[in-house]
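Now for the letters of each chain:
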Amino acid sequence: MITSSIVIFIVLIMAGMAYLASIKGEYTISRSRLVSTDIETAFNTIANLRTWPTWSPWLMHEPEASLSYSESSNEVGSYYSWNGQFIGAGKLPPENW
């Protein structure tokens, strides 16, 4: 009786392992949010680096972080840099782009 329950247990474990081996090892996580504004306003808000502190989740954690911008903040070649105690320091785009 003990031997047959051990065999059944091993068969169940092997069946579970076979099932896990047969499924794809990929998954996708997505998140979306409905924004009630027109496309032009949304694009201009994201394209202009000077508006980022108003919506950036990182800067919401550390609003006193030091920020600097290029002279033009919404054209190709513009940059945005930050330095804070919690969010660290960085530059967008990075120097090696």
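Model, not experiment: these values are computed from the prediction. Every chain is numbered independently, its residues counted from 1 as its sequence is written. The predicted origin of the model limits local features to residues at a pLDDT of at least 70 and limits the giving and counting of side-chain atom pairs to 80 or more, whereas totals for whole chains, interfaces and linings rest on all residues. Hydrogens are left out, water is left out, and the side-chain values use all remaining heavy atoms of the structure.

## A closer look at the overall build of the protein chain
1) Next: Each helix and strand in the protein chain was counted, giving three helices and three strands.
2) Next: Only DSSP runs of H or I reaching four residues or more are called helices, and only runs of E reaching two or more are called strands; each is numbered from the N terminus. For the protein chain, the α and β elements follow one another from N to C terminus as α-α-α-β-β-β.
3) Next: The globule rule used for comparison is 2.2 Å times the number of residues to the exponent 0.38, while the radius of gyration itself is calculated over C-alpha atoms. A compact globule built from 97 residues should have a C-alpha radius of gyration of about 13 Å, whereas the protein chain, at 26 Å, is more than 25% larger.
4) Next: Categorising residues by exposure relies on relative accessible area from a 1.4 Å probe, with only protein chains included: less than 20% of the type maximum marks a residue as buried, more than 50% marks it as exposed, and the intermediate range marks it as partly exposed. Residue burial in the protein chain is summarised as follows: out of 97 residues, 14% are buried.

## What to know about the sheet that holds strand 3 (residues 88-92)
1) Next: Two strands are said to pair when DSSP picks up at least two bridges between them. Ordered by their spatial adjacency, three strands build an open sheet running 1-2-3, and the pairing between neighbours is antiparallel. The open sheet has two free edges, formed respectively by strand 1 (66-69) and strand 3, since each of these has just one partner strand. Recorded for the sheet is a direction-independent mean angle of 5 degrees between the axes of neighbouring strands.
2) Next: Two strands pair when backbone bridges link them, and strand 2 (residues 80-84) and strand 3 are joined in this way by five bridges, in the antiparallel orientation. All axes are obtained by fitting lines to C-alpha atoms, using only the stretch in contact for helices, and the reported angles, taken between N-to-C directions, cover 0 to 180 degrees.

So yeah, pure geometry; function would need other evidence.
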